[in-house]
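Below are the chains, spelled out letter by letter.
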Amino acid sequence: MPQVALQTEKPTGSQRGIEQHVRWTLLILSAATAALLAAHAGVSLWARHEFTQAESVVASHSNSLAEGYGIYHKLDHYPYTVSAYMPCFYLLQAGLHLLGLPIFQAGRLISILAFLGIAVLCWRILDLLTADRYVTWTGTLLVAGAADLNFWATVGQVDMLGLFFSIAALYAYLRYRARRRPLHLVWAGCFVVLAICTKQTMLAAGGTILVLLALHDRRRAVWFALCTGAISATLVLWLNHLTAGGFLDNTVWANINPFSLAKLFQHLQYLLAAAAGLIVLAAVGAGSALRRAADPLYVYLAAAAGVLLATGSKIGSDLNYEIETLVALGLCAGWSLHRLHFFPEYFRGSRGAVTLLHAPVLLQVALSLVISSRILLTRLAVEPIQRWECSQLQPYLAPERGPVISVELDPVIQARHRLDLEPLIYTLLAKAGRIDPGPLRRDLSNKKFSAVILYEDVFQSRSGLPNPEVPSLPDADLAVIRRSYRLVRHIPGPVLDGAYLYQPLP
């Protein structure tokens, strides 16, 4: 048979110039993103006060755990507060606090390290699936630079650690899919369990793995579901037994907050605005994905979006509910660039439509840098206000003065380390009939609390604050405060009109 010489087309000088231009652009954007992330990390470790109210709640529970009081209390007595998450993050934060780190910095350090792990795993996933350094670089930049991830990467909440375990499970499964080594599937199962044991809604990676296994190897899919399900159920039942039912009360029943379609629309509206470039890139590649049998990254995107749709409408949900969908969109965006041969076409100077995809890439990175910069400036501006407000409230919050009720959670954590009552969740549970409001109402009537701090002047407001997501107390409790307490001070602060401080009538 005649032999045919295979010739490889060498890049021309023009192609090398375009490639060098792309490389320098990626370097500049990566440096800007890294500098902004470093600034966020520095500010988060410098700031002494909360970035979100949920961060104070998590810090309260971790403090309680570090001091030996436990966290999953029954909801029919003090402290009226809910440990809404699984134990992994609490244990790590409490451990770092016992080693000497301030409680907020301990939680933020965990989130920062988890975020760096997510960025590395996204690089590894795209490199495994595409073996294209420019696609891997761009996809990782799109994920790491996302403004929402920059925000939550420096907040001491459970989301970033849970997401890290979720992405680690997906990566371990993709390695199993590529090499068929059972040990990789075992690691995937372990990371799925860790993700659920950090945040119970981190189900997207486990669901993705189960679907993909069922399509190719039903027997292993059944074993994977049985093993991960049995381990998770055993841990849940064990913890529930240790806490006399408090574990399920906190992590399940108290988490069934009222749902609102308006809240879900807010999530979708923000996602469409802040992730427009990612959505365009993922949508362009969706056609190629549909022609393949269950593309892993798009199955993961569908699972993450499904979890967002199922839980995002809950009253009290924040933008942290969107971060797994954002990561999945970033991975699908990078994969789309690979499947559509964007970089080879762009380097050879093609005028095809695919080369126009540089626009959503640049748009997404630029938009993320702008939003992330504004978040950073807001944090720098709010921290001095919080410090002043906290200094004004501290004299009224000394532990020896007796119990307090406060919608401002951060000053209470600073002065007392733990909460006696969490007004938002207490009000939601009382209105839903899951908590008996009688004991708290009697204590208010008997002037048991040395101070009550609200966001409103109850002598001017008849029915409390109209927004159910703004912390307050039930109307009947506010009526008791009008009869038994007096307004002592109004302290301006960063939330609404500031704090209104009440003390018992003589």
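Procedures and definitions
- Residues numbered from 1 in each chain as written.
- Predicted model: local features only at pLDDT ≥ 70, side-chain atom pairs only at ≥ 80, totals over all residues.
- Heavy atoms only, no water.
- Helix = DSSP H or I, 4+ residues; strand = E, 2+ residues; numbered from the N terminus.
- Expected span 1.5 Å × (residues − 1).
- Buried < 20%, exposed > 50% of the residue type's maximum accessible area, 1.4 Å probe, protein only.
- Contact = heavy atoms within 4.5 Å.
- Pairing = 2+ DSSP bridges.
- Polar contact = N/O pair within 3.5 Å; in protein donor to acceptor, adjacent residues only side chain to side chain.
- Axes fitted to C-alpha atoms, helices over the stretch in contact; angles between N-to-C directions.

Asker: Got a sec to walk through helix α2 (residues 53-66)? Specific residues and values, please.
Answerer: Across its 14 residues, α2 extends 20 Å between first and last C-alpha, which sits within 8% of the 20 Å expected from 1.5 Å per residue. Judged by how many residues are buried, α2 sits mostly within the fold: eleven of 14 residues are covered. For α2, the set of buried residues is Glu 55, Ser 56, Val 57, Val 58, Ala 59, Ser 60, His 61, Ser 62, Asn 63, Ser 64 and Ala 66. Of the surrounding secondary structure, the elements contacted by the buried residues of α2 are α3 (87-98), α4 (103-130) and α18 (409-416). Where α2 ends, the next residue or the one after it, Gly 68, has phi of about 85°, a positive value.

Asker: Break down the environment of Asn 240 for me, citing the residues and quoting the values.
Answerer: Note that Asn 240 resides in helix α10 (residues 218-242). Sequence-wise, Asn 240 and Ser 445 are 205 residues apart; in three dimensions their C-alpha atoms are separated by 34 Å. Not counting residues within four places of it along the chain, the set of residues in contact with Asn 240 comprises Gly 245, Gly 246, Phe 247 and Leu 248.

Asker: Residues and numbers for the pairing of strand β2 (residues 451-454), please.
Answerer: Side-chain alternation along β2 places Ala 451 and Ile 453 on one buried face and Val 452 and Leu 454 on a second face that is also buried. Bridge count between strand β1 (residues 404-406) and β2: three bridges; the pairing is parallel. For Ile 405, the partnering residue across the bridge sits in β2 and is Val 452. Relative to strand β4 (residues 499-504), β2 runs antiparallel, the two sharing three bridges. In the strand pairing of β4, Leu 454 is matched with Tyr 500.

Asker: Could you give an account of the side chain of Gln 105, naming the residues involved and the relevant values?
Answerer: With respect to the helices and strands, Gln 105 occurs in helix α4. Within polar-contact distance, the side chain of Gln 105 engages the backbone oxygen of Ala 47 at 2.6 Å. Once you skip the residues sitting within four places of it in the chain, Gln 105 turns out to touch Ser 44, Leu 45, Trp 46, Ala 47 and Arg 48.

Asker: Now, about α18: what can you tell me, with residues and values included?
Answerer: Of all the eight residues making up α18, seven are buried; the element is thus mostly covered by neighbouring parts of the structure. When α18 is considered as a whole, its buried residues turn out to be Leu 409, Asp 410, Pro 411, Val 412, Ile 413, Ala 415 and Arg 416. For α18, the elements touching its buried residues are α2, α4, α17 (358-393), β1 and α19 (423-431). Phi for His 417, located one or two positions after α18, is positive at around 75°.

Asker: How would you sum up the sheet that holds strand β3 (residues 485-491)? Please name residues and give values.
Answerer: Strand order in this open sheet of four strands is β1-β2-β4-β3, and the pairing throughout is mixed. Each edge of the open sheet carries a strand with a single partner, namely β1 and β3. Strand-to-strand twist across the sheet, computed as the mean angle between neighbouring axes with direction ignored, equals 20°. Of the strands in this sheet, β2, β3 and β4 touch helix α21 (residues 475-484), which is tilted by about 100° from β3.

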